[in-house]
Amino acid sequence: MGRCLFLHLAPGIANISATWLGLATLWNPSLPPELIFGVFTSAFVLIPVQLGYLYYLARKRGNRGWSLEGVVVYNRPVSWSRYLLWVPAILVPTAAIFAAFEPITHWLEEALVGVSVLAKYQATGVSDVAGIVLLASILLTGILVPITEELYFRGYLLPRMPSQFGRLKPVAHSLLFSVYHFGSPWFIPVRTLGLLPLIYTTIHTRSVRPGIVAHCLVNLANFSDAISRRIGEP
């Protein structure tokens, strides 16, 4: 149980610590704060910590090259036609859950925003590097981070949840994944429920692949407002 808790939360602790340290020491008002928590910490902390641990285990098993065989358990191939079934099966109920919980999430954000390390860091104007930062954030947090998280959390940790959780293993895993996002605690309730369609799909298909596609689409959708504002700038 202790190992399970540590492996779920340690990457998040490392990431939020690096975010806080980076914002406190490197950031200035002329730069977008996403340069730290969207680019630097993702590239140099979050992704290396999770993938590094998986490949450490793969090397211990004697795997060759980039193989994660035996480490990532849920890695069954999925036919292209099945993606048309399973990806919507994840996205539709997830969107409905997030929409239904929006008032609660908004209330929690207002109540808890003071505890966020990101609250006081705001850019004072349009930065010359903002466009580059946005593109880097889309690549990292929109694509590479979701792939890494699905391999680490759903491929490695989910099938190894302790037996003490019993039938609540998927819910416990979803809760721990939600807590792992220390920078946005107001999303814990809705993220815990909203992630369950992805988790149960992964268990049913024994594959992280549909979840990777769905997770990337969700994260990429979060950039729609930022992209619209950037396009609209003179």
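Residues numbered from 1 in each chain as written. Predicted model: local features only at pLDDT ≥ 70, side-chain atom pairs only at ≥ 80, totals over all residues. Heavy atoms only, no water.

(A) Highlighting the overall build of the protein. What the protein contains, in helices and strands, is ten helices and zero strands. In terms of C-alpha radius of gyration, the protein reaches 18 Å, essentially the compact-globule figure of 17 Å for 234 residues. Its C-alpha atoms give the protein principal-axis dimensions of about 50 × 40 × 35 Å. A burial count over the protein gives 43% of its 234 residues as buried. Restricting to contacts in the protein with at least 6 residues of sequence separation, those with at least 24 account for 80%. (Helix = DSSP H or I, 4+ residues; strand = E, 2+ residues; numbered from the N terminus. Rg over C-alpha atoms; globule rule 2.2 N^0.38 Å. Buried < 20%, exposed > 50% of the residue type's maximum accessible area, 1.4 Å probe, protein only. Contact = heavy atoms within 4.5 Å.)

(B) Representation of the packing of aromatic side chains within the structure. Under the criterion given, the structure shown has eleven aromatic pairs. With centroids separated by 5.4 Å and ring planes inclined at 35°, the aromatic side chains of Trp80 and Tyr83 adopt a geometry described as tilted. Of this pair, Trp80 and Tyr83 are both found in helix H3 (residues 80–100), three residues apart, which corresponds to roughly one turn of the helix. A connected cluster of aromatic rings, assembled from ring pairs, spans Tyr53, Tyr56, Tyr152, Phe153, Tyr156, Phe177 and Tyr180. The ring centre of Phe177 lies 4.3 Å from the NZ or CZ of Arg154, which sits over that ring. (Phe/Tyr/Trp six-rings, centres within 6.5 Å; stacked < 30°, edge-to-face > 60°. Lys NZ or Arg CZ within 6 Å of the ring centre and 35° of its normal.)

(C) Quick look at the packing of H3 against helix H9 (residues 209–221). Where H3 meets H9, the axes come as close as 9 Å, and the angle between the chain directions of the two elements is 50°. Our classification of the angle between H3 and H9 gives oblique. At the point where H3 passes H9, the crossing takes the right-handed sense. Taking contact as the criterion, the partners of Tyr83, Trp86, Val87, Ile90 and Leu91 in H3 are, on H9, Arg209, Pro210, Gly211, Val213, Ala214, Leu217 and Val218. For the contact of H3 with H9, the class distribution of residues is ten nonpolar, one polar and one charged. (Axes fitted to C-alpha atoms, helices over the stretch in contact; angles between N-to-C directions. Parallel < 35°, antiparallel > 145°, perpendicular 65-115°, else oblique. Left-handed = near helix turned anticlockwise from the far one by under 90°. Nonpolar A, V, L, I, M, F, W, Y, C, P; charged D, E, K, R; others polar.)

(D) Highlighting a positive patch on the surface. A cluster of basic residues, Arg3, Lys60, Arg61 and Arg160, forms a positive patch on the protein surface. Mapped onto the secondary structure, Lys60 falls in helix H2 (residues 34–61). (Patch = residues over 30% accessible without salt bridge, like charges linked within 9 Å, V, L, I, M, F, W, Y side chains within 5 Å. Areas by Shrake-Rupley, 256 points an atom, 1.4 Å probe, with all protein chains shown as cover. Salt bridge = Lys/Arg side-chain N within 4 Å of Asp/Glu carboxyl O. Lys, Arg positive; Asp, Glu negative; His and termini not counted. Charge placed at Lys NZ, Arg CZ, Asp CG, Glu CD.)

(E) Representation of the environment of His8 within the structure. Mapped onto the elements of the fold, His8 is located in helix H1 (residues 2–25). Residue classification places His8 among the buried residues on the basis of a relative accessible area of 0%. With 168 residues separating them along the chain, His8 and Leu176 place their C-alpha atoms 6.3 Å apart. When sequence neighbours within four positions are dropped, the list of residues in contact with His8 reads Phe153, Leu157, Met161, His173, Leu176, Phe177 and Tyr180. Among the polar contacts listed, one links the side chain of His8 to the backbone oxygen of Cys4, at a separation of 2.8 Å. A polar contact is formed between the side chain of His8 and the side chain of His173, at a distance of 2.9 Å. (Polar contact = N/O pair within 3.5 Å; in protein donor to acceptor, adjacent residues only side chain to side chain.)

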